[in-house]
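Descriptive structure summary
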Amino acid sequence: MREFNYFVCIAITAIAIFFTYTFIFVMIPPGFVGVVVNMFGTDKGVEEQEIHVGAHFIAPWKMVYKFPIFEQNHLWDEEKKFTFQTSEGLAVEADVGITYHLRHDKIHILFAKYRRGMDEITDVFIRNFTRDAINKCASKLKIEDLYGTAKEKFFDDIQFLVRNDLQDLGIVIERIYLVGNLHFPATVVKALNAKIEAVQRAQQRENELRESEAEAKKQMAVAHGEAESALIRAKAQAESNQIISQSLTAELIHWQAVQKWNGELPTALGNHNGMILPFALESKKKND
């Protein structure tokens, strides 16, 4: 009985070893897919069907490469930063970041083309596409453009080119962006800052000139308005004087004099040709 059990254990162990040798247990974690490569027989090569999350038994003559399908973010900075030239031949440095993800249904195409893992594909092949796009876009720009408002469009154009180049490989570019600022030569920065200051001073002087012109026009308008007002007043006064002069008569003048007379005769009377005094005395008598 003991010998029988012993042989049963040996048999089970042999079967387990056989199946372990024949099949390899592979676990695909969440967020990954596996690419199977057949290393033996007439069907050797990359299999089109990826394996997904879970446990899989894979034949020992097959290899499995795991690829992430969640969003990836990678930085090329410090010794990996990009150096490129503008249209003037001036060197510029940039720390660049990239965000992307893989289409799970095209990972076998990506692996068949490059035969590398994702880290190496990112640092070599995706980087090369990005470098070429940066050089192509930078060659059309002056350094003054990159120092100013064209920087955002510069990276939009790079992103467009890289996205188109990699979409057929199943690499979906979400964003390519600048980390920090572009690094320009110190002499170039000094010259650009001096030019910007000169433009700002010129703009300030132009604004001051416009303000002076506006103030002068305002003063002229005020003076013109005051002159017109004075002319209108003078014209009205002249018309008033003319009306008054036309309405004055000798009787009206005598009557106004009587209204202001207090009844007392002056101590000295001049020769008034008998105009005021007789009229005044007569008026006085009527009032009495």
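Before reading further, recall that the structure is shown in the block above.
Residues numbered from 1 in each chain as written. Predicted model: local features only at pLDDT ≥ 70, side-chain atom pairs only at ≥ 80, totals over all residues. Heavy atoms only, no water.

Following the sequence through the fold, L141 ends up in the loop between helix 3 (118-138) and helix 4 (143-147). A relative accessible area of 18% means that L141 is categorised as buried. Residues L141 and E88, 53 residues apart in the sequence, show an inter-C-alpha distance of 8.4 Å. Setting aside chain neighbours within four positions, we find L141 in contact with T86, S87, E88, L146 and F154. (Helix = DSSP H or I, 4+ residues; strand = E, 2+ residues; numbered from the N terminus. Buried < 20%, exposed > 50% of the residue type's maximum accessible area, 1.4 Å probe, protein only. Contact = heavy atoms within 4.5 Å.)

To continue, consider helix 3. For helix 3, with 21 residues, the first-to-last C-alpha span of 28 Å sits near the 30 Å given by 1.5 Å per residue. Taken together, the buried positions of helix 3 are M118, I121, T122, I126, T130, A133, I134, C137 and A138. (Expected span 1.5 Å × (residues − 1).)

Our next topic: a nonpolar patch on the surface. A surface patch of nonpolar side chains, amounting to about 360 Å² of accessible area, comprises F25, M27 and F57. Tracing the sequence through the fold places M27 in strand 1 (residues 24-28). Looking at M27, the relative accessible area reads 44%, which means it is partly exposed. (Patch = residues over 30% accessible without salt bridge, like charges linked within 9 Å, V, L, I, M, F, W, Y side chains within 5 Å. Areas by Shrake-Rupley, 256 points an atom, 1.4 Å probe, with all protein chains shown as cover. Salt bridge = Lys/Arg side-chain N within 4 Å of Asp/Glu carboxyl O.)

Next up on the list: the sheet that holds strand 2 (residues 32-38). With antiparallel pairing, three strands are arranged side by side in an open sheet as 3-2-5. Since the sheet does not close on itself, it has two edges, and those belong to strand 3 (45-46) and strand 5 (62-68), each with one partner. Bridging between strand 2 and strand 3 involves two bridges; their strand directions are antiparallel. In the strand pairing of strand 3, V37 is matched with V46. Along the sheet face, helix 2 (residues 107-114) touches strand 2, strand 3 and strand 5 and points at about 50° away from the line of strand 2. (Pairing = 2+ DSSP bridges. Axes fitted to C-alpha atoms, helices over the stretch in contact; angles between N-to-C directions.)

Right, let's talk about the packing of helix 3 against helix 5 (residues 151-166) for a bit. Contact pair helix 3 / helix 5: the axes reach a minimum separation of 9 Å and the direction vectors enclose 135°. Regarding the angle of helix 3 to helix 5, the classification is oblique. Helix-helix and strand crossings are classified by hand; for helix 3 and helix 5 the assignment is right-handed. In this structure, helix 3 contributes I126, F129, T130, A133, I134, K136, C137 and A138 to the contact, and helix 5 contributes F154, D157, I158, L161, V162, D165 and L166. Of the residues belonging to the contact of helix 3 with helix 5, the class tally is 11 nonpolar, one polar and three charged. (Parallel < 35°, antiparallel > 145°, perpendicular 65-115°, else oblique. Left-handed = near helix turned anticlockwise from the far one by under 90°. Nonpolar A, V, L, I, M, F, W, Y, C, P; charged D, E, K, R; others polar.)

Bringing the packing of aromatic side chains into the picture now. Scanning the entire structure with this criterion turns up nine aromatic pairs. Put simply, the rings of Y65, F67 and F111 pair up and form one aromatic cluster. Just above the ring of F82 sits the side chain of R127; from NZ or CZ to the centre is 4.4 Å. (Phe/Tyr/Trp six-rings, centres within 6.5 Å; stacked < 30°, edge-to-face > 60°. Lys NZ or Arg CZ within 6 Å of the ring centre and 35° of its normal.)

The next point concerns the side chain of E50. Mapped onto the fold, E50 is located in the loop between strand 3 and strand 4 (54-58). The side chain of E50 is buried and forms no salt bridge, while R103, the nearest opposite charge, is found at 9.6 Å. Within the local environment of E50, its side chain forms a polar contact with the side chain of H108, the two groups lying 2.9 Å apart. Beyond its immediate sequence surroundings of up to four residues, E50 is in contact with V33, G34, V35, H104, D105, K106, I107 and H108. (Lys, Arg positive; Asp, Glu negative; His and termini not counted. Polar contact = N/O pair within 3.5 Å; in protein donor to acceptor, adjacent residues only side chain to side chain.)

Attention shifts here to unusual backbone geometry. If you check the backbone angles, E78 has positive phi at about 50° while not being a glycine. What makes E78 exposed here is its relative accessible area of 57%. For R115, which is not a glycine, the phi torsion comes out positive at approximately 55°. Along the chain, R115 falls in the loop between helix 2 and helix 3.

A word on the pairing of strand 2. Counting buried residues in strand 2 gives six out of seven residues, a clear majority hidden from the surface. Where strand 2 and strand 5 come together, seven bridges link them in antiparallel fashion. In the sheet register, F32 faces strand 5, and the bridge partner there is P68. In textbook terms, the turn of a hairpin is the stretch between consecutive antiparallel strands, and for strand 2 and strand 3 this stretch comprises six residues, one of which, G41, has a positive phi near 85°.

Okay, the pattern of salt bridges next. One pass over the structure, following the stated rule, counts seven salt bridges. A salt bridge links K62 to E47; the shortest N-O distance between them is 3.0 Å. Here K62 is found in strand 5, whereas its partner E47 is found in the loop between strand 3 and strand 4, with 15 residues between them in sequence. What makes K62 partly exposed here is its relative accessible area of 25%. A residue is classified by how much of its surface remains accessible, and E47, at 24% relative accessible area, is partly exposed. Across the pair R131 and D132 runs a salt bridge whose closest N-O atoms are separated by 3.3 Å. Taking relative accessible area as the criterion, R131 reaches 36% and is therefore assigned partly exposed.

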